[in-house]
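# Results of the structural survey
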Amino acid sequence: MREEYQELIDEISARLGTPATLEGRDFGLIAFGAHDSDDDRVMDPVRTRSILRRRSTAQVRAWFESFGIARAQGPVRIPADPSAGVLTGRLCLPARHGGVVHGYIWLLDDGVRGAGDPRLTDAMSTAARIGALLAGEARTGSRRGSRLRTLLTASPALREAAGTELAEMLGPAAAGPMAMIAVTPWVASGEEGLPMSGLPAVLAATALPSGLAGLVRLRSTSDPLEPARLAARELLRSPWTGAAGRNHSTPDSGAAPEPGSATAGVSAPRTGLAELPAAWREAVSAARAARAGGPRHGPVADWEQLGPYRLLTALPDSAPDPAVRTLLDPAHRELARSAEVFLDHAGQAGAAAAALGIHRQTLYYRLSRVERLTGLDLHDGEARLLLHMALKTVRLRDTTG
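Now for a quick tour of the structure.

Cut-offs and rules
- Residues numbered from 1 in each chain as written.
- Predicted model: local features only at pLDDT ≥ 70, side-chain atom pairs only at ≥ 80, totals over all residues.
- Heavy atoms only, no water.
- Patch = residues over 30% accessible without salt bridge, like charges linked within 9 Å, V, L, I, M, F, W, Y side chains within 5 Å.
- Areas by Shrake-Rupley, 256 points an atom, 1.4 Å probe, with all protein chains shown as cover.
- Salt bridge = Lys/Arg side-chain N within 4 Å of Asp/Glu carboxyl O.
- Lys, Arg positive; Asp, Glu negative; His and termini not counted.
- Charge placed at Lys NZ, Arg CZ, Asp CG, Glu CD.
- Helix = DSSP H or I, 4+ residues; strand = E, 2+ residues; numbered from the N terminus.
- Buried < 20%, exposed > 50% of the residue type's maximum accessible area, 1.4 Å probe, protein only.
- Pairing = 2+ DSSP bridges.
- Axes fitted to C-alpha atoms, helices over the stretch in contact; angles between N-to-C directions.
- Contact = heavy atoms within 4.5 Å.
- Left-handed = near helix turned anticlockwise from the far one by under 90°.
- Nonpolar A, V, L, I, M, F, W, Y, C, P; charged D, E, K, R; others polar.

Residues Glu-3, Glu-4, Glu-7 and Asp-10 make up a contiguous surface patch of negative charge. Residue placement: Asp-10 occurs in helix 1 (residues 2–16). Among the residues examined, Asp-10 registers a relative accessible area of 36% and is labelled partly exposed.

Rendered as structure tokens:
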């Protein structure tokens, strides 16, 4: 399918004499035309960023959408807006089908092509062909997503039937290897319009109350989960993560997720669709741990790399352990954090004090107060284990969306 999009975009680029770019209606990059121009405007910052990052920024999307491109019947001229990072005007050709805009074809606006330019009329005919392809993909994706939703959430009897139907739709890919990804929060509902056109490794996706569920085809390489991580990082840039764009520019980093930002989890590899409900639970747990675990896990976490969070995410939600209730009082937040960092560093006071940015004696003083508040002896291994688990469980609970 991607080859067909590329051929049609190359056709438009050749007809109009300028490189064209095709994005889905979620502004995810699908195809772009090559160029041999010496004009630096051809590779202006927005076009360059879209190609390199596979998606336009939230600010650019908002500027473009303010001109009604989602409802447009024909070409739309969009002026430059340096404040949004749009240094050169654009011509947008909506890719429509069945009265719905399914994608956008972007051209740099050199002011030469008037509304009656026959080349634009021809290009709109090609845009309609692209719209039909995108609509067909959306319908197929919707059917696959519906079966995936049933497979993950319904009764065993319904799951079996959904698995059989999904296997028929996926063909040989249904045998695996594959993995589930979870992206949370996810504010869109249903399967229509999910940003899958630019993610060829994603076999099916559906929006669930706990987040976006994606089924990803894996490669038989030394790092088979990399396609799932790439898809998860790309989806974190989606406008539907409910994160107000706060982490859309940094999902590739290993930094801790910002408060309220979206996170993603990747399950262990699987073969066969019957194992997907368990894989989905792993992916959701990994996404929760990514939010609670800080920079160690970053915005995308693998189930297989969660360490103790594999056990903690399996525990039922309950009131905080009595050992930490007093310590969790807002007045003792600094003490709780100091104890957690100390335990994270395996009781190495020097390393913990450095991580906290305090003197070692200050850390010892805080730990003595922790012992008095909790009644736990931090020289005792089981007491340390209890306190560490209790603090991590509270962090996991408090950061679950």
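What follows continues from the structure just given.
Right, let's get into unusual backbone geometry. With omega at 5°, the peptide bond leading from Gly-176 into Pro-177 counts as cis. Within the secondary structure, Pro-177 sits in the loop between helix 5 (156–170) and strand 6 (178–184). In the Ramachandran plot, Ala-346 falls in the positive-phi region, its phi being about 55° despite a non-glycine side chain. With a relative accessible area of 58%, Ala-346 lands in the exposed category.

If you walk across this open sheet you meet the five strands as 2-1-5-4-3, and the pairing is antiparallel. Pairing within the sheet leaves two strands with one partner each, and these edge strands are strand 2 (29–32) and strand 3 (76–78). Averaged over all pairs of adjacent strands, the angle between strand axes in this sheet comes to 25°, irrespective of strand direction. Examined bridge by bridge, strand 1 (residues 21–24) and strand 2 share three bridges and lie antiparallel to one another. Note on strand 2: the bridge partner recorded for Thr-21 is Phe-32. Taken strand by strand, helix 4 (residues 118–153) contacts strand 1, strand 2, strand 4 (90–97) and strand 5 (100–108), and its axis lies near 50° from that of strand 4.

For the pair helix 4 and helix 5, interaxial distance at closest approach is 8 Å and the crossing angle is 150°. In the packing of helix 4 onto helix 5, the handedness of the crossing is left-handed. Across the interface between the two elements, Arg-143, Arg-144, Arg-147, Leu-148, Thr-150 and Leu-151 of helix 4 pack against Leu-158, Arg-159, Ala-162, Gly-163, Glu-165, Leu-166, Met-169 and Leu-170 of helix 5. A per-class count over the contact of helix 4 with helix 5 returns seven nonpolar, two polar and five charged.

This part is about the pairing of strand 7 (residues 202–208). For strand 7, a buried count of seven out of seven residues is recorded, marking the element as mostly surrounded by other parts of the structure. One ladder, built from six bridges, connects strand 7 with strand 8 (residues 211–217); its direction is antiparallel. Counted as the bridge partner of Val-202 is Val-216 from strand 8. Linking two consecutive strands that pair antiparallel, namely strand 7 and strand 8, is a turn of two residues.

Two side chains with opposite charge may pair up if their charged atoms get near one another. With the rule as written, the count across this model stands at 15 salt bridges. Arg-270 is the partner of Glu-275 in a salt bridge, and the nearest nitrogen-oxygen pair spans 3.3 Å. Exposure remark for Glu-275: the relative accessible area of 34% places this residue in the partly exposed category. Judged by its relative accessible area of 10%, Arg-270 falls in the buried class. When the shortest N-O distance is used, the salt bridge between Glu-340 and Lys-392 registers 2.9 Å. Taken together, the residues Glu-340 in helix 9 (residues 333–344) and Lys-392 in helix 12 (residues 381–398) connect sequence positions 52 residues apart. Like Lys-392, Glu-340 is buried. Through salt bridges with shared partners, a single ionic network connects Asp-223, Glu-226, Arg-229, Arg-233 and Asp-302.

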